[in-house]
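# Topology and contacts: notes
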Amino acid sequence: MNKRAEAGGMEQRLNQMLSKLKKHDFRLTPQRLAVLKVLAVSEGPPTVERIYETVRAEYPTTSIATIYKTVNLLKQLNEVLELGFPDGSNRYDGNKPYPHPHVICTECQTVIDPTLDGLKDLTQEVIKETGFHIHNHRVDFFGICRDCQSRSA
Ligand SMILES: [Zn+2]
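Quick caveat: nothing in here was measured; it's all calculated off a predicted structure.

### Describing the environment of G118
Inspection of the secondary structure assignment puts G118 in helix α5 (residues 118-130). Given a relative accessible area of 45%, G118 falls into the partly exposed group. In sequence terms G118 and F142 are 24 residues apart; their C-alpha atoms lie 18 Å from each other.

### Here's the deal with the coordination of the zinc ion
The coordination sphere of the zinc ion, as far as protein atoms go, consists of C105 (SG), C108 (SG), C145 (SG) and C148 (SG), spread over 2.3 to 2.4 Å. Note that the zinc ion binds four donor atoms; their angles at the metal cover 104 to 116°, and the shape is tetrahedral.

### Here's the deal with unusual backbone geometry
For N78, which is not glycine, the phi dihedral falls at a positive 60°. The residue N78 is located in the loop between α4 (64-76) and β1 (81-83) in this model. According to the relative accessible area criterion, N78 is exposed, its value standing at 58%. A positive phi angle is found at Q109, which is not glycine, with a value near 65°.

### Quick look at the side chain of R32
Note that R32 resides in helix α2 (residues 30-40). Beyond its immediate stretch of four places on either side in the chain, R32 contacts F26, R27, T66, K69 and T70.

### Overview of the pairing of strand β3 (residues 102-105)
As paired elements, β3 and strand β5 (residues 140-143) share four bridges and run parallel to each other. Note on β5: the bridge partner recorded for C105 is G143. Judged from the two bridges that link them, β3 and strand β4 (residues 111-112) form a sheet pairing that is antiparallel. Looking at β4, one finds that V103 is bridged to I112.

### Thoughts on the packing of α2 against helix α3 (residues 48-58)
Contact pair α2 / α3: the axes reach a minimum separation of 9 Å and the direction vectors enclose 125°. Of the possible angle classes, the one that applies to α2 and α3 is oblique. Crossing angle aside, the handedness with which α2 passes α3 is right-handed. Across from Q31, A34, V35, V38 and L39 in α2, the residues of α3 making contact are I51, T54 and V55. Residue composition of the contact of α2 with α3, grouped by class: six nonpolar, two polar and no charged.

### Details of the sheet that holds β4
Sheet architecture is open: three strands sit in the order β4-β3-β5, paired in mixed fashion. Each end of this open sheet is capped by a strand with a single partner; those strands are β4 and β5.

### What to know about the confidence of the model for the protein chain
The pLDDT averaged across the protein chain works out to 87; a share of 95% of its residues lies at or above 70. Per-element confidence in the protein chain ranges from a low mean pLDDT of 78 for helix α1 (residues 3-23) to a high of 95 for α3. Counting contacts from residues 1-5, a segment whose pLDDT is below 50, to residues more than four positions away or on other chains yields one contact.

### Some words on the nonpolar core
L39, I51 and I67 are the most contacted members of the largest nonpolar core, which totals 21 residues. Elements represented by at least two residues in this core include exactly α1, α2, α3 and α4. Residue contributions to this core peak at six residues, all from α2. The contacts of I67, once residues within four sequence positions are left out, are V35, V48, I51, Y52, V55 and T62.

Reading the values: the criteria
All residue numbers refer to positions counted from 1 along the written sequence of the respective chain. This being a predicted model, a pLDDT of at least 70 is required before a residue's local features are given, and a value of 80 or more before pairs of side-chain atoms are given or counted; all residues contribute to the totals for chains, interfaces and linings. Side-chain descriptors were evaluated using all non-hydrogen atoms of the structure, hydrogens and water having been removed beforehand. By the criteria applied, helices consist of DSSP H or I runs no shorter than four residues and strands consist of E runs no shorter than two, each listed in order from the N terminus. Each residue's exposure class comes from its accessible area (1.4 Å probe, protein chains only) as a fraction of the maximum for that residue type: buried when under 20%, exposed when over 50%, partly exposed otherwise. Only N, O and S atoms count as donors, using a 2.8 Å limit from the metal and a wider 3.2 Å limit for Na, K and Ca, and since water is excluded some coordination spheres may look unfilled. Just to be clear on the cut-offs, tetrahedral is four donors with all angles between 85 and 135 degrees, square planar is four donors and octahedral six with opposite donors over 155 degrees apart and all others between 65 and 115, and anything else goes down as irregular. Contacts were defined at the residue level, with two residues in contact if any of their heavy atoms lie within 4.5 Å. In short, DSSP must find at least two bridges between two strands for them to pair. The angle between two axes is taken between their N-to-C directions and runs from 0 to 180 degrees, where each axis is a line fitted to C-alpha atoms and a helix contributes only its stretch in contact. Each angle gets one of four labels, with under 35 degrees taken as roughly parallel, over 145 as roughly antiparallel, 65 to 115 as roughly perpendicular, and the rest as oblique. Here a crossing is taken to be left-handed if its near helix is turned anticlockwise relative to the far helix by less than a right angle, and right-handed if that turn runs clockwise. Side-chain classes follow a simple rule in which Ala, Val, Leu, Ile, Met, Phe, Trp, Tyr, Cys and Pro form the nonpolar group, Asp, Glu, Lys and Arg form the charged group, and the remainder, Gly included, forms the polar group. pLDDT expresses how confident the predictor is about each individual residue, on a scale running from 0 to 100. In these notes, a set of buried Ala, Val, Leu, Ile, Met, Phe, Trp, Tyr and Cys residues joined through side-chain atoms within 4.5 Å is what counts as a nonpolar core.

Pasting the structure below:
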């Protein structure tokens, strides 16, 4: 995907989040808008601390409670996907809020969203095997990224 398409995607995500929040009478302060902007970017999903640092650079009086509140509301509205980590440093993906696989580097904590066509087949297989109505899934791969591989080589 080229840079222009990425930027367009971010704006689209931002607008989707904004219209959803408007329906819920959410008072949109500049700080909260800044949180949405961080979440709408397609780069590796940030932690709350990371969002806090980014927003505080522009709005130094922002409290971490504001970040948590905004992220939690978006989570309730299915506008961000929470990615739990065993060490508690959860990441929040606002760019792709629907279930999708992640590939996570256990060295540097980089998170990548690969496009995997095989996942549709896998879901079908699960339905066939279990008879479940599947409404969600979690598929995460853990390993060592290329950068970390070459660093240790
Ligand atoms: Zn890495």
